[in-house]
Amino acid sequence: QFLELCTHLTEEHPEVIPFLSGRHQKASPDFLASAELRNVLARCLARVRARRNKVYVYINELCTVLKAHTLRRKLPLASAPPAPTPTPPPDAPQSAPEPGTAAASAPRPPTGSKRQIRYLENLLRVYTGEIRRLQERELDLAELDSEDSSYLQESRLKRKMMRIFQRLCELKQCSSLTGRVIEQRIAYRGTRYPEVNRRIERFINRPEAFPDYTDILKVIQKASARHSLGLARRQMESMAQDAFREVGNRLQERRHLDLVYNFGSHLTDQYRPG
């Protein structure tokens, strides 16, 4: 249903649907049969039907989820033959295993219990309802100076929800990617030196990174020294200026798009101009 609807809406870009189908084929069979994927598909389908002009946003969201569950092929590693265990003499005393060794070798449970997951999911629903209630409250001028205003309570609840969401992803052993534009990695190929490009790309994709000219220059200097590129100071300064302008524009554009796609409240979700 999702592909059929999006095919008509993306006729100007026919390469989008094959790309989405490829992501779907590479996903793990367990995830394709999971309730999580059905929930994601149902949500994306409903959003596309409600806002057809944002079809590419929701296709990107689905692609991000599928990419996080891509089936990665691992090459089998040949295990080393077990070392022969020396046989103790019959009259030798049996040594008891050390308690620390036994505890370290005990396997840990890979995922959280269903009770933990259910509790955290219910907590998310409770916080969601409380945030909606706070958003619907009337805020008077006297409350603006309060340390416990509706805005501050809402902000604290959202931070708690993010921590709960991260914990849920750990318990379920799934990716914490949500499909937001701000999570997309920026590739940088602005110089003819791959070593410099890799360092700049790694630097600008750090969380909450928005570097200035000095930061970019230091990254280029470290790359030149580390890989013995022999770059002159003027050359590094020129490269840093070009990289700073390009990186700054792309980071700013990514933040702007993230704000456009995510700004708002449930109070205005159903608003239609005209």
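Quick caveat, the model's predicted, so the values are computed rather than measured.

Criteria and thresholds
Residues numbered from 1 in each chain as written. Predicted model: local features only at pLDDT ≥ 70, side-chain atom pairs only at ≥ 80, totals over all residues. Heavy atoms only, no water. Salt bridge = Lys/Arg side-chain N within 4 Å of Asp/Glu carboxyl O. Helix = DSSP H or I, 4+ residues; strand = E, 2+ residues; numbered from the N terminus. Buried < 20%, exposed > 50% of the residue type's maximum accessible area, 1.4 Å probe, protein only. Core = buried A, V, L, I, M, F, W, Y, C linked by side-chain atoms within 4.5 Å. Contact = heavy atoms within 4.5 Å. Axes fitted to C-alpha atoms, helices over the stretch in contact; angles between N-to-C directions. Parallel < 35°, antiparallel > 145°, perpendicular 65-115°, else oblique. Left-handed = near helix turned anticlockwise from the far one by under 90°. Nonpolar A, V, L, I, M, F, W, Y, C, P; charged D, E, K, R; others polar. Arc of directions from axis to C-beta. pLDDT = per-residue confidence, 0-100.

Asker: Help me understand the pattern of salt bridges in this model?
Answerer: Where charged atoms from two side chains of opposite charge come close, those side chains can pair. A full pass over the atoms with the stated rule returns 12 salt bridges. Between K158 and E154 there is a salt bridge whose closest N-O contact spans 2.9 Å. Of this pair, K158 and E154 both sit in helix α8 (residues 150–172), four residues apart, roughly one helical turn. A relative accessible area of 11% means that E154 is categorised as buried. Among the charged side chains, a salt-bridge network with shared partners connects R43, R47 and E61.

Asker: Hey, could you run me through unusual backbone geometry in this one?
Answerer: Most peptide bonds take the trans configuration, and most residues that are not glycine carry a negative phi. Positive phi, close to 55°, is recorded for Q173, a residue that is not glycine. Structurally, Q173 can be placed in the loop between α8 and α9 (194–204). Positive phi, close to 55°, is recorded for S228, a residue that is not glycine. Following the sequence through the fold, S228 ends up in the loop between α10 (213–226) and α11 (233–262).

Asker: I'm lost on the nonpolar core in this one. Help?
Answerer: The nonpolar side chains of soluble globular proteins are, as a tendency, buried together. Counting 21 residues, the largest nonpolar core has F2, C6, L20, V48, I59, L62 and L66 as its most contacted members. Counting residues per element, this core draws most heavily on helix α5 (residues 55–68), at eight residues. In this structure, C6 is in contact with I17, V55 and I59, ignoring residues within four places of it in sequence. Core analysis: the next-biggest nonpolar cluster, separate from the first, contains 19 residues, I220, M236, V247 and L251 among them.

Asker: In this structure, what is going on with the environment of R156? I would like to understand it.
Answerer: Mapped onto the fold, R156 is located in helix α8. Here R156 falls in the partly exposed class, since its relative accessible area comes to 33%. Other than its neighbours up to four places away in sequence, R156 contacts E147 and D148.

Asker: Looking at this structure, how should I read the packing of helix α7 (residues 114–136) against α8?
Answerer: Where α7 meets α8, the closest approach of the two axes is 10 Å, and the angle between their N-to-C directions is 160°. As far as their axial angle goes, α8 and α7 are roughly antiparallel. The handedness of the crossing between α7 and α8 is left-handed. Between α7, through Q116, I117, L120, E121, L123, L124, Y127, T128, E130, I131, L134 and Q135, and α8, the contact on the second element is made entirely by S150, Q153, E154, L157, K158, K160, M161, I164, R167, L168, L171 and K172. Class assignment of the residues belonging to the contact of α7 with α8 gives a composition of 12 nonpolar, five polar and seven charged.

Asker: Just to check I follow, could you spell out the packing of helix α1 (residues 2–9) against helix α2 (residues 16–26) for this structure?
Answerer: Helices that pack against each other are described as a pair by the angle of their axes relative to one another and the distance between those axes. Contact geometry for α1 and α2: axes closest at 10 Å, N-to-C directions at 155°. If you check the angle between α1 and α2, you find them roughly antiparallel. Between α1 and α2, the contacting residues are F2, L3, C6 and T7 on the first element and I17, L20 and S21 on the second. Partitioning the contact of α1 with α2 into residue classes produces five nonpolar, two polar and no charged.

Asker: Help me understand α2, please; the structure alone is not making it clear to me.
Answerer: For an α-helix, 3.6 residues make a turn, and residues three or four places apart therefore share a direction. Restricting attention to buried positions, one finds in α2 the residues V16, I17, L20 and R23. Each buried residue of α2 lies within a common arc of 120° when the element is viewed along its axis, so the set occupies one face. Among the exposed residues of α2, those pointing more than 90 degrees away from its buried face are P18, Q25 and K26. Summarising the contacts, the buried residues of α2 are in contact with α1 and α5.

Asker: What exactly am I supposed to notice about the confidence of the model for the protein chain here?
Answerer: Predicted coordinates in regions of low pLDDT should not be interpreted in detail. Averaged over all residues, the pLDDT of the protein chain equals 80, while 85% of them reach at least 70. At the low end of the mean pLDDT range in the protein chain sits helix α6 (residues 99–105), at 49; at the high end sits α10, at 93. Between residues 74–81, whose pLDDT stays under 50, and residues either more than four places distant or in other chains, the model counts zero contacts. Contacts from residues 102–106, a stretch scored under 50 in pLDDT, to residues over four places away or in other chains number zero contacts.

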